[in-house]
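Spelled out from the first residue to the last, the chains are:
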Amino acid sequence: MDLNYLANLQKQWAAKVIIPPDDVVYAPQPDDVIFSLDIQYVDNTAFVGLDVQRYSGELMGTYVEQISVDVPYVPQFFCFREGPPLLKIIKSVQQHFNLKPDLLITDGHGIAHPRRFGVACWLGVHTLLPTIGCAKKTLLDYQGVLGKKRGSCLPVYLENEMVGKVLRTQENIKPIFVSPGHQISLSTAADMILNLAPRYRICEPLRRADQAARAYAKGSPQAGNKVCSISR
DNA sequence: GCGACAG
DNA sequence: ATCTTGTCGC
């Protein structure tokens, strides 16, 4: 892997990313269809899980696809490993179930990245959809002491620009790191993730995507490859 | 040896 | 991410 080349590619693609200051570009609606994604690995095989729900909370199903991955994991270059399989399953579900997502949520970062180009941005520029990145660890330093209550948050800055939020989704539980990937504001992204995480540290749709992929990887193919077809 | 940085 | 036992709490 030519990391210099890939770093330049990230900077080039980061210029295409649009992060609005508020919800004029995208404002969540109850009927919005949300695709949430996570991957489990077994050697070079990715078990990609995709959960479908409306923002209102209506569950629509989960889907799992097995995809071979050859790109290694390198911190800061995560998008090149995980982006392609995620895009592939999104297109599969879109075609097979005639479903159009209004928003994507993925593991990993959006613009809270040294070159403002995490995997959520990669997905955003490839789909042109509003995208949120949700990570369990940060790549960037941040200042301050986070409050203990659910909903407490601190800004994460990169070169004097607010690019992400440290967000406590449950009281006294280790926070997560939310950043927009494309076409959504930081505050809207954080609000949505908090709303989608009423019970656990990780938001419900990402947990279901994780569980579905995990079950499939362990040998329960029937446990996850189903999405209800819907009418809009 | 030290520090460690998405998954 | 994954490798792994017991243990604590709801």
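Here, the structure is the one placed above.
Below is a short write-up of the structure.

Cut-off values and rules
- Residues numbered from 1 in each chain as written.
- Chains lettered and ligands numbered in written order.
- Predicted model: local features only at pLDDT ≥ 70, side-chain atom pairs only at ≥ 80, totals over all residues.
- Heavy atoms only, no water.
- Buried < 20%, exposed > 50% of the residue type's maximum accessible area, 1.4 Å probe, protein only.
- Helix = DSSP H or I, 4+ residues; strand = E, 2+ residues; numbered from the N terminus.
- Pairing = 2+ DSSP bridges.
- Expected span 1.5 Å × (residues − 1).
- Axes fitted to C-alpha atoms, helices over the stretch in contact; angles between N-to-C directions.
- Parallel < 35°, antiparallel > 145°, perpendicular 65-115°, else oblique.
- Left-handed = near helix turned anticlockwise from the far one by under 90°.
- Contact = heavy atoms within 4.5 Å.
- Nonpolar A, V, L, I, M, F, W, Y, C, P; charged D, E, K, R; others polar.
- Near = heavy atom within 4 Å.
- Polar contact = N/O pair within 3.5 Å; in protein donor to acceptor, adjacent residues only side chain to side chain.

**Digging into the pairing of strand β6 (residues 153-158)**
Alright, step 1. With burial as the criterion, only one face of β6 is covered, namely that bearing Leu154, Val156 and Leu158; the residues Cys153, Pro155 and Tyr157 on the opposite face remain uncovered.
Alright, step 2. In terms of strand pairing, β6 meets strand β7 (residues 161-167) through 6 bridges, oriented antiparallel. Note on β7: the bridge partner recorded for leucine 154 is valine 166.
Alright, step 3. Hairpin connection, β6 to β7: the antiparallel pair is bridged by 2 residues, and glutamate 159 has positive phi, about 50°.

**Describing helix α5 (residues 204-217)**
Alright, step 1. Look at α5: 20 Å from first C-alpha to last across 14 residues, which is about the 20 Å you get at 1.5 Å a residue.
Alright, step 2. Buried within α5 are the following residues: Glu204, Pro205, Leu206, Arg208, Ala209, Asp210, Ala212, Ala213 and Tyr216.
Alright, step 3. Just beyond α5, the residue with positive phi is glycine 219, at close to 110°.

**Some points on the packing of helix α2 (residues 78-97) against helix α3 (residues 119-127)**
Alright, step 1. Contact geometry of α2 with α3 gives a least axis separation of 9 Å together with a crossing angle of 45°. It follows that α2 is oblique to α3 by the angle criterion. α3 is crossed by α2, and the crossing has right-handed handedness. Side by side, α2 and α3 meet where Phe78, Cys79, Phe80, Glu82, Gly83, Pro84, Leu86, Leu87 and Ile90 of the first sit next to Val119, Trp122, Leu123, His126 and Thr127 of the second.
Alright, step 2. Within the contact of α2 with α3, the residues separate by chemical class into 10 nonpolar, 3 polar and 1 charged.

**What about the protein's contact with DNA strand C?**
Alright, step 1. Taken together, Gln40, Tyr41, Lys136 and Arg214 are the residues near DNA strand C.
Alright, step 2. Take glutamine 40: an N or O atom from its side chain is 2.4 Å from a phosphate oxygen of DNA strand C.
Alright, step 3. The separation between a phosphate oxygen of DNA strand C and a polar side-chain atom of arginine 214 is 3.2 Å.
Alright, step 4. Considering only residue class, the surface near DNA strand C consists of 1 nonpolar, 1 polar and 2 charged.

**Description of the protein's contact with DNA strand B**
Alright, step 1. Taken together, 18 residues form the shell around DNA strand B, and within it Tyr73, Phe78, His109, Gly118 and Lys136 come nearest.
Alright, step 2. Here a base nitrogen of DNA strand B and a backbone polar atom of histidine 109 are 3.0 Å apart.
Alright, step 3. Valine 119 is positioned with one of its backbone polar atoms (N or O) 3.2 Å from a base nitrogen of DNA strand B.
Alright, step 4. Looking at the surface near DNA strand B residue by residue, the classes come out as 8 nonpolar, 6 polar and 4 charged.

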